[in-house]
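Examining the three-dimensional arrangement
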Amino acid sequence: MMTGSPWTASLIGVGGILLGIAAKWAVDLHTERNRRALEDGRRFMAEKQVAYAEIL
């Protein structure tokens, strides 16, 4: 015995897929931002080391 419409199940399924895609996008965006910040920090430290070596 069916209690709900097949359309309801389809909409819930599509909604779940879209929610999963949005969550993955948000995690990837956060990870990319952290990776970029880490690279900027490393580049900054490398530039400071070069500047310090030039002083010596």
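Residues numbered from 1 in each chain as written. Predicted model: local features only at pLDDT ≥ 70, side-chain atom pairs only at ≥ 80, totals over all residues. Heavy atoms only, no water.

1. Side note on the overall build of the chain
How we decide: Per the convention used, a helix needs a DSSP run of H or I reaching at least four residues, while a strand needs a run of E reaching at least two, with both numbered from the N terminus. Note that the radius of gyration is over C-alpha atoms, with the globule rule given as 2.2 Å times the number of residues to the power 0.38. Each residue's exposure class comes from its accessible area (1.4 Å probe, protein chains only) as a fraction of the maximum for that residue type: buried when under 20%, exposed when over 50%, partly exposed otherwise. We get accessible surface area from the Shrake-Rupley algorithm with a probe of 1.4 Å; when it comes to residues, only the shown protein chains can shield them.
Check the secondary structure of the chain and you find one helix and zero strands. Relative to its length of 56 residues, the chain is extended, with a C-alpha radius of gyration of 24 Å against a globular reference of 10 Å. With respect to the three principal axes, the spread of C-alpha positions in the chain is 85 × 10 × 5 Å. Relative to its full complement of 56 residues, the chain shows a buried share of 0%. Total accessible area on the chain stands at roughly 5,300 Å², and carbon and sulfur atoms take up 69% of it.

2. What about a nonpolar patch on the surface?
Selection criterion: Candidate patch residues must exceed 30% relative accessible area and have no salt bridge, after which like charges are joined if within 9 Å and Val, Leu, Ile, Met, Phe, Trp or Tyr side chains if within 5 Å. We count a salt bridge whenever a side-chain nitrogen from Lys or Arg sits within 4 Å of a carboxyl oxygen from Asp or Glu.
Together, Val14, Ile17, Leu18 and Ile21 line one region of the surface with nonpolar side chains, adding up to about 400 Å² of accessible area. Relative to the elements of secondary structure, isoleucine 17 occurs in helix α1 (residues 6-55). Taking the relative accessible area as the measure of exposure, isoleucine 17 reaches 54% and is therefore exposed.

3. Details of the pattern of salt bridges
A full pass over the atoms with the stated rule returns five salt bridges. Note that glutamate 32 is salt-bridged to arginine 35, the shortest N-O span being 2.5 Å. You can see glutamate 32 and its partner arginine 35 sitting in helix α1, three residues apart, about one turn around the helix. Take arginine 35: its relative accessible area is 39%, and that puts it in the partly exposed class. When salt bridges with common partners are traced through the structure, they connect Glu32, Arg35, Arg36 and Glu39 into a single cluster.

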